[in-house]
Amino acid sequence: MASRLMDVAIIGGGPAGLAAAIKARESGASDVTIIERAETPGGLLDQCVHNGFGLFYFKEDLTGPEFAQRLIEKAKDLDVNLELETMALNMTQDRKITACNSKGVFTIEAKAIILAMGCRERTREAIMIPGTRPAGIFTAGTAQRYVNVEGFVPGKEIVILGSGDVGMIMARRLTLEGAEVKAVVEVLPYVGGLIRNEVQCLIDFNIPCLLEHTVTEVRGRQRVEGVTIAKVDRNFDPIPGTEQMLECDTLLLSVGLIPENELSVAAGIELDPLTGGPLVDEGRQTNIPGIFAAGNVTHVHDLVDNVVYEGELAGSSAAEYASGAASPRKRIIRTRPGKNIRYVVPHSIAADKDAVLYLRVKEPGERVSIKVGDVLTKPLRFVKPSEMIKIEVPARDLRKIDERAKELEVNCDVRRSTG
Amino acid sequence: MRKQDIICIQCPLGCRGTVIVDETGGKATLEGYECKEGKKYAEIEAHEPLRVLTATVITESKRRPLLPVKSSKAIPKDKLSECVRVLAGLKVKPPVAAGQVLVPDIFNTGANIVSTAEIVE
């Protein structure tokens, strides 16, 4: 493929990239290309054979492959160009992407770029579990690929460290495939993933979830023979004397996801240390003009529906930028996480435009109010760090912000029990 | 009287409520559910818990060794394991269309096992 100037180039063909491509085409961009390193588009959805996708976006309960297929068909109908089995190697601030595939190394130049590289799993190295280094330790997502796509069950007796969604979903999947899941071990005092996964994947199958516990040692020479687990104190340090040995041949890790921003950092894109993703504005533009970001590369989502909404936002912004019609942003207000808020995306908003804020709390809480500055209050019955909160802030509310204010602080307050 | 704490899973909010079933009259009293869907779910869950089954079946395709499948509607929770055992014995030959019925009316549940992806070859 020879070098050519296209309207919008998208790195990553998962749900964020596909949604961005569809919206960019619908918003008038004529030449939209997705660069995807896998053989097929759809990203991680392909291996997520369970249901629960699309309840918001399609108002239907779909499996991962079904959700992906709807986006893929729409992208194809709109003549989105899919460069499959193609790897983006480098990206520059003047929007040139170096990529390679079986035809060789080539350069793509685009008027706008959307980053949609998704995220990666944290590994054993990231959490430093002591012990031997035998076979039989997998990240939950790798095990999911083995079981659902390639057709191998990674072990017979399994311990899962971390109660993230993929870990819980694999607990059910492996149980149904005939393995014995001995326990899910979670360092925090509450389950890490969505409530529906706790109910349908653990409680349904009587799989014990040991809260405030961690794996302190992996045992075994060639293959995992067992793990030692222990209760932890408030600082997550193992409490001596609480150790117990669990015999198992496999340890799965579901210990968090990290936005994949190697290309972004190399291009000088600034990241938010709280999300691990780029600092973005209300249209998902990064600090580099013409480079946008959406989906798990920006912050790790728990629902693909929100990934798609974010992809669409980036897609329409990128198409507008590529057309040269993007109006300069007038009054810019930074968002800031306040009390019990871990992060807020986007990091800045224009005071004259409607904004959608995505945020997470630090600690679970009941009967709380999310306060967006002093312009909007949203009462919520129950909040949990693993369940992202979405708040729509209309421009008419943003206009209430004091003219001199440069920041909008978001706080999560506990409501008084009277109401 | 039977009291059961049931977490609603109809949406990611996961309302935590309680269902009190009067065994003699079969009437249920619901506490703590915020919407119609939640109340409906909790009542069914207290009487007969239903789940959508998702799994994979082996294929004869060289490119794609497994085909993802689901039950066309939720089936009784206690039937999940039996259904999976039936699917373990199944081998499908491409081409398979997305939505194609592979096992009709599995265990008289009224649910079909359908393909959730397409295999061309």
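See the structure shown above.
Notes on the structure follow. If you're wondering where the values come from, they're calculated on a predicted model, not measured in any experiment.

Criteria and cut-off values
- Residues numbered from 1 in each chain as written.
- Chains lettered and ligands numbered in written order.
- Predicted model: local features only at pLDDT ≥ 70, side-chain atom pairs only at ≥ 80, totals over all residues.
- Heavy atoms only, no water.
- Helix = DSSP H or I, 4+ residues; strand = E, 2+ residues; numbered from the N terminus.
- Rg over C-alpha atoms; globule rule 2.2 N^0.38 Å.
- Buried < 20%, exposed > 50% of the residue type's maximum accessible area, 1.4 Å probe, protein only.
- Contact = heavy atoms within 4.5 Å.
- Areas by Shrake-Rupley, 256 points an atom, 1.4 Å probe, with all protein chains shown as cover.
- Lys, Arg positive; Asp, Glu negative; His and termini not counted.
- Charge placed at Lys NZ, Arg CZ, Asp CG, Glu CD.
- Salt bridge = Lys/Arg side-chain N within 4 Å of Asp/Glu carboxyl O.
- Core = buried A, V, L, I, M, F, W, Y, C linked by side-chain atoms within 4.5 Å.
- Pairing = 2+ DSSP bridges.
- Axes fitted to C-alpha atoms, helices over the stretch in contact; angles between N-to-C directions.

**A look at the overall build of chain A**
Next, step 1: Helices and strands together make up the secondary structure of chain A, namely nine helices and 27 strands.
Next, step 2: Here chain A has a C-alpha radius of gyration of 22 Å; the compact-globule value for 419 residues is 22 Å, and the two agree.
Next, step 3: With the principal axes as the frame, chain A shows a C-alpha extent of 65 × 65 × 40 Å.
Next, step 4: Here chain A holds 419 residues, and the buried ones make up 56% of them.
Next, step 5: In chain A, 62% of the contacts between residues at least 6 apart in sequence involve partners at least 24 apart.
Next, step 6: Surface exposure of chain A reaches about 18,000 Å², of which carbon and sulfur atoms provide 50%.
Next, step 7: Between the mean site of the 51 positive side-chain charges and the mean site of the 58 negative ones, chain A shows a separation of 5 Å.

**Some words on the pattern of salt bridges**
Residue and element names in this part refer to chain A.
Next, step 1: Under the counting rule described, the total for this entry stands at 28 salt bridges over all chains.
Next, step 2: R336 is paired through a salt bridge with E409; the nearest N and O atoms lie 2.7 Å apart. Separated by 73 residues along the polypeptide, R336 in strand β20 (residues 332-337) and E409 in strand β27 (residues 407-414) bring together distant segments of the chain.
Next, step 3: With relative accessibility at 37%, the residue R336 sits in the partly exposed group.

**A look at the nonpolar core**
Next, step 1: Ranked by size, the top nonpolar core spans 39 residues in total, and within it L174 and L252 of chain A together with L53, L67, V69, L87 and L102 of chain B carry the most contacts.
Next, step 2: The dominant element in this core, judged by the number of residues it contributes, is helix α5 (residues 165-176) of chain A, at six residues.
Next, step 3: In this structure L53 of chain B touches L176 of chain A together with V69, K70, S71, I75, L80, C83, V84, L87 and I113 of chain B, once residues within four positions along its chain are discounted.
Next, step 4: Counting 35 residues, the second largest nonpolar core, distinct from the first, contains V32, I34, A314 and A322 of chain A.

**Notes on the sheet that holds strand β1 (residues 2-7) of chain B**
Residues and elements named next belong to chain B.
Next, step 1: As summarised here, the arrangement of the three strands in space is β1-β2-β3, forming an open sheet in which the pairing is antiparallel. Since the sheet does not close on itself, it has two edges, and those belong to β1 and β3 (27-31), each with one partner. Going from strand to strand, the sheet's axes swing by 25° on average, the running direction of each strand aside.

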